[in-house]
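Observations on the model geometry
If you want the building blocks of each chain, they are given just below.
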Amino acid sequence: MSDYKTLIYEAAKKVLPELDAADVTASDAFCDYCVPCFKFAKILRKSPAAIAAEAAAAIDIPGIKTESLNGYLNFTIEREAFVKQAFAAKLGEYKPFAGKTICIDFSSVNIAKPFHIGHLMTTVIGGALCNFYRALGANVVGINHLGDFGTQFGGLISAYRRWGNEEKLASRGLDELLELYVRYHNESEKDEAIAREAREWSQKIESGDAYAVGLFDKFKAITLEQAKKVYKRLNIEFDSYLGESFYVDKVKGVEDKLVAKNLLKTSEGARIVELGDDMPPALIRRSDGASLYIARDLAAAYYRHQTYKFDKCLYVVASHQALHFKQLFAVLDLLGEPWAKDMVHVSYGMVSVEGMSLSTRRGNVLYLSDVLDAAVEKALAIISERSSELEDKATVAESVGVGAVVFDALYDGRLKDKNFSLADALNFDGETGPYVQYTHARCRSVLAKAGYKSGSGIDFKQLCDDEAYETVKLVADFDETVKNAAERYEPSVVSRRLVKICQAYNRFYNADRIMCGGEAQAARLALTARVADTLKYGLHLLLLDAPQKM
Ligand code: ARG
């Protein structure tokens, strides 16, 4: 909490004992901070307006004006003092999650499937959340829970042996695997022999048969090689790539716990956990003995809890798996694990690209790398036109193109379905990644032209006009904005704030001439530097580069 907010909270709490810290909110309409008094009306049996008026009269904080308006308690800080405090606080020094461990399960791609656009949201939301928590002092464990187990890999081996060969696999990589998989899928529906053969191969993988495992490992390496190229472009790294196959032999341990609590039931040969009337039972093992997805997730949850002793374990997975996670958490709850409450499904909506919905099933997939390439190509064309003399345009275009896609994915609330449009994402004047990157580069160019050096004293009165002050306010509590985003698992809180900072800075830039000489110029340059640093910091948190020149 910023010092002023703490000050206001503590003073107001003396008058309104029911006040929570979260009731004190930043406001840009009538004041700097406000407290809505509606929630106290019931407890105090008075109207919100009367409560606000009485509280306003009773609260006295030096340097802060307190007023009541329409049931709100409004606090207005003396501007010069506020600006001074804003510049005293160093960006990124706020560490409210120090000492906490947060596991984040995200991206979690499937072996032998291309990295398609359906995996964009989990990858960028998870990547951004890792950065937020890390910046706020947490120990973050980024986990790519690979989809590397299932009968489909037996199918792939049998398809490879029937229709594929080593040369084609080496030259075509994932394209070949995808084609083989689709062919297996189609033909096994017609020919039971293929399905039987596939089951045999998947049993061989499981029993550790050297040939089967060797092929599977090759498929895995090809998939990961492609995925890692994409992660590199997105500035993402993982701490663990332990996938589903790692947990297969650990399901037994979970079953033992379930048996000890008398929770494992048999139903038509399958082993299940009943979850009451409002949820279907969790299927742990099929009648043929094969473990199911949720069983491996249970084993993974125990493993993570033992290995990392997490304070929180997040799963960034699409909303269509909501029931799976509800069941997973419910089973842990039945098992009496107190940490079941620390597990969170961070859900998100569907992505379509210009109206076309995507499915991986039949091969009509859109590769994420192709979307990124298209964005980079378009970015290069725009940059070449806008700044023909810019050096190293290709590097800047990569940052801008990839950044446009990522920022766009992170700009709306995560639960909203998205229809992605390349033209909108790359609009330099819209609420986009390129707009924020461009504003950052413009600040840098203003500073370079002025030969600005940080460190000299600032006359804070010079930043008290509306435009400058509005900009100061938006950068002042940036760390708190990041905390807010982390707590709500909502990167759009940060992306939206960045756009607001750019808009405020551009208003300030147009209203207040920067190169005006004297104290005002020095202060305005210092604000420009602060804005540039905040934009760069925020862009990095959202996985984007911040080119120095654009
Ligand atoms: N591989 C899965 C998919 O692509 C997502 C896995 C999510 N993580 C988990 N622990 N279940 O749908």
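It should be emphasised that the depicted structure is a prediction, and the values quoted were computed from it without experimental measurement.

Per the secondary structure count, the protein includes 21 helices and 14 strands. Summarising its shape, the C-alpha atoms of the protein cover approximately 85 × 65 × 40 Å along the three principal directions. Each of the 550 residues in the protein was classed as buried or not, and the buried ones make up 53%. Pairs at least 24 residues apart make up 73% of the contacts formed inside the protein by residues separated by at least 6 positions. Accessible surface for the protein amounts to roughly 24,800 Å². Of this, 50% is attributable to carbon and sulfur atoms. Side chains of the protein give 69 positive and 75 negative charges; the mean places of these two sets differ by 2 Å.

The environment of the ligand is formed by Asp 105, Ser 108, Asn 110, His 119, His 145, Tyr 293, Asp 297, Tyr 315, Val 317, Gln 321 and Phe 325. In this structure, Ser 108 approaches the ligand through a main-chain N or O atom, which is 2.9 Å from a nitrogen atom. Take Asn 110: an N or O atom from its side chain is 2.8 Å from a nitrogen atom of the ligand. Relative to its unbound accessible area of 350 Å², the ligand is 87% covered by the protein chains. Partitioning the shell around the ligand into residue classes produces four nonpolar, five polar and two charged.

Bringing the side chain of Arg 444 into the picture now. As for its position among the elements, Arg 444 is in helix H17 (residues 433-450). Residue contacts for Arg 444: discarding those within four places in its chain leaves Ala 532, Asp 533, Lys 536 and Gln 548.

Moving on to the pattern of salt bridges. On inspection of all chains with the given rule, the structure shows 29 salt bridges. Several salt bridges converge on common partners, so that one network encompasses Asp 20, Asp 23 and Lys 39.

Residue position: Ala 409 is located in helix H15 (residues 393-409). Along the backbone, Ala 409 and Asn 419 are 10 residues apart, and their C-alpha atoms lie at a distance of 9.6 Å. Excluding anything up to four places from it in sequence, Ala 409 contacts Leu 120, Met 121, Val 124 and Lys 418.

Our focus in this paragraph is the sheet that holds strand S5 (residues 101-105). Spatial strand order, S6-S5-S10-S11: four strands in an open sheet with parallel pairing. Two strands bound the open sheet, and with one partner strand each, they are strand S6 (139-143) and strand S11 (343-346). Neighbouring strand axes in the sheet, compared pairwise and without regard to direction, differ in orientation by 20° on average. Relative to S6, S5 is paired through five bridges, and the arrangement is parallel. Within S6, the residue paired with Thr 101 across the bridge is Asn 139. Its contacts with the sheet put helix H5 (residues 120-135) on S5, S6, strand S10 (312-316) and S11, and the angle it makes with S10 is roughly 155°. Each of S10 and S11 is contacted by helix H13 (residues 322-334), which is oriented at about 180° to S11, the strand it contacts most.

All right, on to the sheet that holds strand S8 (residues 270-273) then. One open sheet accounts for three strands, arranged S7-S8-S9; its pairing is antiparallel. Looking at strand neighbours, the two that pair on one side only are strand S7 (264-267) and strand S9 (282-285), the edges of this open sheet. Taking each pair of neighbouring strands and ignoring which way they run, the sheet shows an average axis angle of 45°. Note: S7 against S8, four bridges, orientation antiparallel. For Leu 264, the partnering residue across the bridge sits in S8 and is Val 273.

Glancing now at the pairing of S5. Of all five residues in S5, five are buried, a share of seventy percent or more. Side chains of S5 alternate between two faces, with Thr 101, Cys 103 and Asp 105 and Ile 102 and Ile 104 buried alike. Running through H5, the crossover from S5 to the neighbouring parallel element S6 is right-handed. Strand direction decides the pairing type here: S5 and S10, joined by four bridges, are parallel. Paired with Ile 104 across the strands is Leu 314, a residue of S10.

With that settled, the discussion passes to the packing of aromatic side chains. Where two aromatic rings form a pair, the distance of their centres and the angle of their planes describe that pair. Applying the stated criterion across every chain, the model contains 25 aromatic pairs. Aromatic pair Tyr 315 and Phe 329: ring centres 6.0 Å apart, planes at 40°, arrangement tilted. With a gap of 14 residues between them, Tyr 315 in strand S10 and Phe 329 in helix H13 connect regions that are remote in the sequence. Here Tyr 315 and Phe 329 have matching classes, each one buried. Counting every residue linked through ring pairs, the aromatic cluster contains Phe 106, Phe 115, Tyr 231, Phe 238 and Tyr 241. One residue, Arg 386, lies across the ring of Tyr 438, its end atom 4.7 Å from the ring centre. Of note, Arg 442 hangs over the ring of Tyr 509, and the distance from its end group to the ring centre comes to 4.2 Å.

Bringing helix H10 (residues 210-233) into the picture now. Its 24 residues give H10 an end-to-end C-alpha distance of 35 Å, which sits within 8% of 34 Å, the value for a rise of 1.5 Å per residue. Among the residues making up H10, those that are buried are Ala 212, Leu 215, Phe 216, Phe 219, Ile 222, Thr 223, Leu 224, Gln 226, Ala 227, Val 230 and Tyr 231. Structurally, H10 contributes buried residues whose contacts are with H5, helix H6 (151-163), helix H7 (166-172), helix H8 (174-190), helix H9 (192-207) and helix H14 (368-386). Of the residues one or two after H10, Asn 235 is the one with positive phi, at around 55°.

A few words on the confidence of the model for the protein. Counting all residues, the mean pLDDT for the protein is 93, and 97% of those residues have values of 70 or more. A low-confidence stretch, residues 355-362 stays under pLDDT 50, and its non-local contacts, those more than four residues away or across chains, total 20 contacts.

This part covers the state of the cysteines. Tallied over the entire structure, the rule returns zero disulfides. No disulfide involves Cys 443; its sulfur sits 7.6 Å from that of Cys 502, the nearest cysteine. Looking at Cys 443, the relative accessible area reads 0%, which means it is buried.

As a further point, take H6. The first and last C-alpha atoms of H6 sit 18 Å apart over 13 residues, in line with the 18 Å expected at 1.5 Å per residue. Buried residues along H6 sit in contact with H7, H8, H9 and H10.

Definitions and cut-offs
- Residues numbered from 1 in each chain as written.
- Predicted model: local features only at pLDDT ≥ 70, side-chain atom pairs only at ≥ 80, totals over all residues.
- Heavy atoms only, no water.
- Helix = DSSP H or I, 4+ residues; strand = E, 2+ residues; numbered from the N terminus.
- Buried < 20%, exposed > 50% of the residue type's maximum accessible area, 1.4 Å probe, protein only.
- Contact = heavy atoms within 4.5 Å.
- Areas by Shrake-Rupley, 256 points an atom, 1.4 Å probe, with all protein chains shown as cover.
- Lys, Arg positive; Asp, Glu negative; His and termini not counted.
- Charge placed at Lys NZ, Arg CZ, Asp CG, Glu CD.
- Near = heavy atom within 4 Å.
- Polar contact = N/O pair within 3.5 Å; in protein donor to acceptor, adjacent residues only side chain to side chain.
- Nonpolar A, V, L, I, M, F, W, Y, C, P; charged D, E, K, R; others polar.
- Salt bridge = Lys/Arg side-chain N within 4 Å of Asp/Glu carboxyl O.
- Pairing = 2+ DSSP bridges.
- Axes fitted to C-alpha atoms, helices over the stretch in contact; angles between N-to-C directions.
- Right-handed = clockwise from strand over helix to strand, strands pointing away.
- Phe/Tyr/Trp six-rings, centres within 6.5 Å; stacked < 30°, edge-to-face > 60°.
- Lys NZ or Arg CZ within 6 Å of the ring centre and 35° of its normal.
- Expected span 1.5 Å × (residues − 1).
- pLDDT = per-residue confidence, 0-100.
- Disulfide = S-S within 2.5 Å.

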